[in-house]
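Listed below, chain by chain, are the residues.
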Amino acid sequence: FMRKSEFSLILIRLIGIYFIVQSIASLSNFGWIFTINEMNNSAEYASWLTNIITIFGPSIVYLICGLLLIIFSKRISLKISSDSSEEIQAIDNLKELQAVLFSVAGIWVVVSTIGQFVHSIMTLISLSSAPYPDKYIRDSWFDLSANGLQIIVGIFLIIQAQAISKLLTKVRNWNPSN
């Protein structure tokens, strides 16, 4: 049997590696640096730095989060699984496995959304400082709200993983004929 903390450790490290690889996606945006630099004096772009952060911010956030997940994966996995160092607990039922997976899924949702959240904030700042139609600013607020809601759902999954697992086990075992 595998301990809950060992199982969650492996999953958290895999998520960390995935987000580090995702951060490489920013390399495809290097061409935008030259476009922004050429358009820097126009009214279309309020700030060169704001636009650079808007373009590369999510990738930098993914890189940092991926590294932090790998570095702190042992601590996080011990918190998720509530394994103590003296007591070795194996995953012996589906409810425990579900709880670990819900916590890890919550981490995935939070980390994957943080980059988009940063991008939404920077886009909103960029749009509000330039003469863009209100429609673009309104759409940016909707993006920011959706990203914020995703982060809240992810945090809920992390914090309430045990309760969600218990509820789903009750639903799965429910028999209306009894």
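What you see is a predicted model, and the numbers here were worked out from it, not measured in a lab.

Caption draft 1: Here's a closer look at the overall build of the protein. Of regular secondary structure, the protein possesses seven helices and zero strands. Taken from N to C terminus, the helices and strands of the protein fall in the order α-α-α-α-α-α-α. Relative to its full complement of 178 residues, the protein shows a buried share of 36%. Considering only residue pairs separated by 6 or more positions, the protein has 80% of its internal contacts joining residues 24 or more positions apart. Looking at the protein as shown, the accessible area adds up to about 11000 Å², and 67% of this sits on carbon and sulfur atoms.

Caption draft 2: Expanded view of the environment of Lys79. If you trace the backbone, Lys79 turns up in helix 4 (residues 73–81). The class for Lys79 is exposed, based on a relative accessible area of 71%. Measuring from C-alpha to C-alpha, the distance between Lys79 and Ser5 comes to 8.3 Å, with 74 residues separating the pair along the chain.

Rules used throughout
The residue numbers shown here count from 1 along each chain, following its written sequence. Residues qualify for local features only when their pLDDT is at least 70, as the model is predicted, and side-chain atom pairs are given and counted only at 80 or more; totals for whole chains, interfaces and linings, by contrast, use all residues. Excluded from the side-chain calculations are hydrogens and water; all other atoms, namely the structure's heavy atoms, are used. Going along the chain from the N terminus, every DSSP run of H or I of four or more residues is numbered as a helix, and every run of E of two or more is numbered as a strand. With a 1.4 Å probe rolled over the protein chains alone, any residue whose accessible area is under 20% of its type maximum counts as buried; one over 50% counts as exposed, and the rest are partly exposed. Contacts are residue-level and defined by heavy atoms, with any inter-residue pair within 4.5 Å sufficient. All accessible-area figures derive from a Shrake-Rupley calculation using a 1.4 Å probe, and residue coverage is judged against the displayed protein chains alone.

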